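# Observations on chain architecture
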Amino acid sequence: MKNLILTFSLICFFTLANVVNSDVLGQELPLRIGIKVGYPQVAGLNLEYVTPLLNKRLAADLDLSYIPLSRNATTVTYTNFALFANYYFSHEGRGLYGGLGFSRMGFDVTKDVTFSDGTTQKGKANLGINSLNLKIGGKHGKSFYFRWELGWSLALSSPAFEVVATNNGITKNENFTSPIKGSGPIADIGFGFAF
């Protein structure tokens, strides 16, 4: 509990310092690279470029996550790719912004499958979810910054798991309705550097 309070205090201190820093310094740096943690990204890389369009208030924003997990003979890989257009409401590339974008979230599972004849083969299952996303957020700071985002993701189709397994040279494909629907909240925080 003590570490949690200390961590929260440090985050608040750096956020306040960056807000003051962003209000004091002038021209915003256009290229940013950082990390984000939250949902649906879990943890990943964030790249943003503030274009000269609309008085330097329109930015291209890219999120990338790749998380492989392995246990015994099972491998699960989570990927998330999102591309946004962010519009900063009151300042050039900082402060409060809104974003509209597209994302693709994927799960790939590889597992040994034992068939009724006793043979074991690799079975694969994958799930891909395409979504339209709307978010609001804030970027505070100049060369070192803190950002937060809240929003909603709307799945563009009903996702389904596709399972592929091979037995004695015969490949079988089956589709199952996914328990993951794809629509849901967006909530994340991030830190990074601007150039």
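Now for a look at the structure at hand. Residue indices begin from 1 for each chain and proceed along its sequence in written order. In keeping with the predicted nature of the model, local features appear solely for residues at pLDDT of at least 70, side-chain atom pairs appear and are counted solely at 80 or more, and the whole-chain, interface and lining totals rest on all residues. In computing side-chain properties, one takes all heavy atoms of the structure into account and sets aside hydrogens as well as water.

## Notes on the packing of aromatic side chains
Just so we agree on the cut-off: Note on aromatic contacts: the rings of Phe and Tyr and the six-membered ring of Trp form a pair at centre separations within 6.5 Å, being stacked when their planes are under 30 degrees apart, edge-to-face when over 60 apart, and tilted otherwise. A simple rule labels every residue: compare its accessible area, found with a 1.4 Å probe on the protein chains alone, to the largest value its type can have, and call it buried under 20%, exposed over 50%, or partly exposed in between.
Applying the stated criterion across every chain, the model contains six aromatic pairs. Ring geometry for tyrosine 88 versus tyrosine 97: centroids 5.0 Å apart, planes at 50 degrees, classification tilted. The two residues tyrosine 88 and tyrosine 97 agree in class, both being buried. These aromatic residues form a ring-pair network of at least three members: Phe144, Phe146, Phe191 and Phe193.

## Concerning the pattern of salt bridges
Put simply, the rule reads: Any Lys or Arg side-chain nitrogen found within 4 Å of a carboxyl oxygen on Asp or Glu counts as a salt bridge. Starting at the N terminus, helices and strands are each numbered in turn, a helix being any DSSP run of H or I of at least four residues and a strand any DSSP run of E of at least two.
Here the structure, examined in full by the defined rule, presents seven salt bridges. Note that aspartate 63 and lysine 36 form a salt bridge whose closest N and O atoms lie 3.2 Å from each other. With aspartate 63 in strand S3 (residues 58-71) and lysine 36 in strand S1 (residues 31-39), this pair connects stretches of sequence that are 27 residues apart. Like aspartate 63, the residue lysine 36 is buried in the burial classification. Where aspartate 61 meets lysine 135, a salt bridge forms, and the shortest distance between an N and an O atom there is 3.0 Å. Pair noted here: aspartate 61 is in strand S3 and lysine 135 is in strand S6 (residues 120-141), with a separation of 74 residues, a long-range link. On the basis of relative accessible area, aspartate 61 is assigned to the buried category, the value being 0%. Three or more residues are tied together by salt bridges with common partners; here these are Lys36, Asp61, Asp63, Lys135 and Glu149.

Purely geometric numbers; function is a separate question.
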